[in-house]
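Now for the letters of each chain:
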Amino acid sequence: MPAEKVRVEVEGRNLEVSNLDKVLYPGVGFTKGEVIDYYTRIAPVLLPHLRDRPLTRIRYPNGVGESFFFEKNAPASTPDWVRQERLPAPGSSKGRDELDYVVADDLPTLVWLANLAALELHTPQWRVGTRRQGDPRPDLMVVDLDPGAPAALAECCVVAVRMRDRLAEDGIASYPKTSGKKGMQLCCPIAGKQSADEVSAYARRVAEELERGEPKLVTAKMAKRLRPGKIFIDWSQNNAAKTTVAPYSLRAGAVPAASAPLTWDEVEAVTSGEVGAVRQFTAAEVLDRAQEYGDLMAELLVPGPKLPR
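Summary of the structure given here.

About the thresholds
- Residues numbered from 1 in each chain as written.
- Predicted model: local features only at pLDDT ≥ 70, side-chain atom pairs only at ≥ 80, totals over all residues.
- Heavy atoms only, no water.
- Helix = DSSP H or I, 4+ residues; strand = E, 2+ residues; numbered from the N terminus.
- Rg over C-alpha atoms; globule rule 2.2 N^0.38 Å.
- Buried < 20%, exposed > 50% of the residue type's maximum accessible area, 1.4 Å probe, protein only.
- Areas by Shrake-Rupley, 256 points an atom, 1.4 Å probe, with all protein chains shown as cover.
- Lys, Arg positive; Asp, Glu negative; His and termini not counted.
- Charge placed at Lys NZ, Arg CZ, Asp CG, Glu CD.
- Core = buried A, V, L, I, M, F, W, Y, C linked by side-chain atoms within 4.5 Å.
- Domains from an automatic or database assignment.
- Contact = heavy atoms within 4.5 Å.
- Pairing = 2+ DSSP bridges.
- Salt bridge = Lys/Arg side-chain N within 4 Å of Asp/Glu carboxyl O.
- Polar contact = N/O pair within 3.5 Å; in protein donor to acceptor, adjacent residues only side chain to side chain.
- Axes fitted to C-alpha atoms, helices over the stretch in contact; angles between N-to-C directions.
- Left-handed = near helix turned anticlockwise from the far one by under 90°.
- Nonpolar A, V, L, I, M, F, W, Y, C, P; charged D, E, K, R; others polar.
- 1 Å grid on protein atoms, 1.4 Å probe; cavity = no way out; pocket = protein on both sides within 12 Å on 5 of 7 lines; lining within 4 Å.
- Points joined across faces, edges and corners; volume = space filled by probe spheres on them.

## Considering the overall build of the chain
Across its full length, the chain holds 6 helices and 15 strands. Relative to its length of 309 residues, the chain is compact, with a C-alpha radius of gyration of 19 Å against a globular reference of 19 Å. Referenced to the eigenvectors of the C-alpha coordinate spread, the extents of the chain come out at roughly 60 × 50 × 35 Å. Taking all 309 residues of the chain together, 54% fall into the buried category. Of the roughly 14000 Å² of accessible surface on the chain, 50% is carried by carbon and sulfur atoms. Distance from the positive charge centre (41 side chains) to the negative charge centre (42 side chains) of the chain: 6 Å.

Here it is, written out as structure tokens:
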């Protein structure tokens, strides 16, 4: 049966959306139409975090229980009004020196991506136009907290507070969010004047310092055999070739959870034993939180300090 197509106008752009009733999260019956609706409604707080950042999309054309694929290059069917940036592609599996990345600066692009079942939106820690001697200059540092079972989100919160306090000693502010899967991340605005290697080196140094202080709770080592019962502080997320799920992006899982910015009060409540203060929030809950709090990560849009050497 041919796909049912509907023509819509979004901020002056004509788009064709299709199969709005197609279920993309079969466990709860969440449809493509609901995915498009979520991204349309969350756009005011999401788009500033996507602006000028080349997107890596994870597409689930037949839903989260079926095959998926990572997409960096703009597909052949990309409308001419979608912003594309030709950039070096470090580590490209296709052996290409450059790729034409999609940059989602506006709502029509976001709706177009949602219609392609691009459920997950991942961005690097740097923006387009920040390269010096060929290397990008990150304006964010990301600390990824990955729990090894039986450690879980509660232990992530404990480590997040430790990391926040340690970074604050160097004048670095940090803003927490859930990953939308099992862990969480701290995002830190920085000056955008240092290389990704320098940012990674600093993040690694702090992670290893926390590991020495609490070796039973924290590991900064990559080896998975060392992770059970601990929180792995993944400092390598700051590599120029790596991306992190964007704030407010959906995640592919049993339910349509999204990467949710948190307040530090919520994180500290977990460390005091309050159950449920932090969890992986659903799309509906993230929309409610955005209405209540606004963008809890708005400070990421303002340049921060240089990292100490």
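## Quick word on the nonpolar core
Of all hydrophobic cores here, the largest spans 84 residues; its most connected members are Y38, Y39, I42 and M141. Per-element tally for this core: the top contributor is helix α1 (residues 32–50), with 10 residues. Split by domain, the residues of this core number at least three in each of domain 1 (5–133) and domain 2 (136–301). When near neighbours in sequence (up to four residues on either side) are disregarded, Y38 contacts Y248, L250, A258, A283, V286 and L287.

## Focus: the sheet that holds strand β9 (residues 118–123)
Overall, antiparallel pairing links the 4 strands, which are arranged β6-β5-β9-β15 in an open sheet. Each of the sheet's edge strands pairs with one partner strand only, and the pair in question is β6 (69–71) and β15 (244–245). Pairing analysis gives 3 bridges linking strand β5 (residues 56–59) to β6, with the strands arranged antiparallel. In the sheet register, R59 faces β6, and the bridge partner there is F69.

## Here we look at the side chain of D139
Position of D139 among the secondary structure elements: in the loop between β9 and β10 (140–147). Excluding residues within four positions of it along the chain, D139 makes contact with R53, Q125, W126, R127, C188, P189, I190 and G192.

## Digging into the pattern of salt bridges
The final tally for this structure, using the stated rule, is 26 salt bridges. Taking the shortest distance from any N to any O, the salt bridge between E85 and R83 comes out at 3.1 Å. Exposure remark for R83: the relative accessible area of 24% places this residue in the partly exposed category. Where R164 meets E268, a salt bridge forms, and the shortest distance between an N and an O atom there is 2.8 Å. With R164 in helix α3 (residues 153–169) and E268 in helix α5 (residues 264–271), this residue pair connects regions lying 104 residues apart in the sequence. Here the salt bridges share partners, and the residues they tie into one network are D52, R83, E85 and D105.

## Quick word on the environment of K221
Turning to its location among the elements, K221 is positioned in the loop between β13 (218–219) and β14 (231–234). Under the relative-accessibility criterion, K221 is labelled partly exposed at 42%. Not counting chain neighbours up to four residues away, the residues in contact with K221 comprise E211, L226, R227 and F232. A polar side-chain atom of K221 sits 3.0 Å from a polar atom in the side chain of E211.

## Details of unusual backbone geometry
A cis amide bond, omega 10°, links A149 with the succeeding residue P150. Position of P150 relative to the elements: it lies in the loop between β10 and α3. Within the chain, E11 stands out as a residue other than glycine whose phi angle is a positive 50°. Its place among the elements puts E11 in the loop between β1 (5–10) and β2 (13–18).

## Digging into the sheet that holds β10
Consider a sheet: its strands pair through backbone hydrogen bonds, and that pairing is either parallel or antiparallel. Spatially, the 5 strands line up as an open sheet ordered β11-β12-β10-β14-β13, and their pairing is mixed. Taken across any chain shown, the strands that pair with only one partner, and hence form the sheet edges, are β11 (175–178) and β13. With 4 bridges connecting them, β10 and β14 associate as antiparallel partners. Across the sheet, D146 pairs through a bridge with F232, a residue of β14.

## Some remarks on the packing of α1 against helix α6 (residues 283–293)
Running from N to C, α1 and α6 point in directions that differ by 35°, and their axes come no closer than 10 Å. When the axes of α1 and α6 are compared, the crossing they make is left-handed. Two secondary-structure elements touch here, α1 through Y38, R41, I42 and V45 and α6 through A283, V286, L287 and A290. Here the contact of α1 with α6 is composed, by residue class, of 7 nonpolar, no polar and 1 charged.

## Quick notes on the layout of surface pockets
Where empty space is left in the structure can be found by rolling a water-sized probe over the atoms. Counted as a void, the largest pocket has a volume near 660 Å³. Of all the secondary structure elements, the ones that give two or more residues to the lining of the largest pocket are β5, β9, β10, β12 (184–189) and β15. For the lining of the largest pocket, the element with the most residues is β10, which contributes 3 residues. For the lining of the largest pocket, the residue count by class is 9 nonpolar, 9 polar and 11 charged. When residues are assigned to domains, the lining of the largest pocket turns out to be shared by domain 1 (5–133) and domain 2 (136–301), each giving three or more.

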